[in-house]
Amino acid sequence: MVRFFVYISLMCYCYILYSKSLNKYYIGHSCENLQERLRKYLSAHNGFTSKVKDWIIVYTEKFCSKTLAYKREREIKAWKSKLKIQKLISEKNRIEHPDL
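A brief report on the enclosed structure follows. Everything numeric here is computed off the predicted structure, so don't read it as measured data.

A few points about the overall build of the chain
Part 1 of the argument: Along the backbone of the chain there are 3 helices and 3 strands.
Part 2 of the argument: For the chain, the succession of helices and strands along the chain, N to C, is β-β-α-β-α-α.
Part 3 of the argument: Evaluated residue by residue, the chain yields a buried proportion of 29% over its 100 residues.
Part 4 of the argument: Long-range pairs, those at least 24 residues apart, make up 57% of the contacts in the chain with a sequence separation of at least 6.

Remarks on unusual backbone geometry
Part 1 of the argument: At asparagine 23, a position not held by glycine, the phi torsion is positive, near 55°.
Part 2 of the argument: With respect to the helices, strands and loops of the structure, asparagine 23 is situated in the loop between strand S1 (12-19) and strand S2 (24-30).
Part 3 of the argument: Residue lysine 80 is not a glycine yet carries a positive backbone phi of 50°.
Part 4 of the argument: Residue position: lysine 80 is located in the loop between helix H2 (66-79) and helix H3 (82-96).
Part 5 of the argument: Classification of lysine 80 as exposed rests on a relative accessible area of 77%.

So, H2
Every α-helical turn comprises 3.6 residues, leaving residues that sit three or four positions apart pointing alike.
Part 1 of the argument: With 14 residues, H2 should cover 20 Å at 1.5 Å per step; its first-to-last C-alpha distance of 20 Å lies within 8% of that length.
Part 2 of the argument: Taken together, the buried positions of H2 are occupied by Ala69, Arg72, Glu73 and Ile76. Relative to the axis of H2, the buried residues are bounded by an arc of 105° and lie together on one face. Turned more than 90 degrees from where H2 packs its buried face, Thr67, Lys71 and Ala78 sit exposed.
Part 3 of the argument: Just beyond H2, the residue with positive phi is lysine 80, at close to 50°.

Calculation criteria
- Residues numbered from 1 in each chain as written.
- Predicted model: local features only at pLDDT ≥ 70, side-chain atom pairs only at ≥ 80, totals over all residues.
- Heavy atoms only, no water.
- Helix = DSSP H or I, 4+ residues; strand = E, 2+ residues; numbered from the N terminus.
- Buried < 20%, exposed > 50% of the residue type's maximum accessible area, 1.4 Å probe, protein only.
- Contact = heavy atoms within 4.5 Å.
- Expected span 1.5 Å × (residues − 1).
- Arc of directions from axis to C-beta.

These values are about where atoms sit, not about what they do.
Shown next, in the form of structure tokens:
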């Protein structure tokens, strides 16, 4: 008997969205495709992100479990500092795009 094993890697994310019209950030976590998650935010729904439709993904971190992604979300939210969030975003952009 031949057995096949399928390994499915579940990647989860902590992410930050930004709305220019509100000049606000939204911090969340998800284990679904982030473009699909953003599409849901931009569609008809209730909640904080339903106020406007100009949310964009400005920051992501990958995690191997939902628990770790949620832990990071709570850590960033606990900062309660827009400046610290902006610094996090700009540091990651500097690392990923050193030419800019």
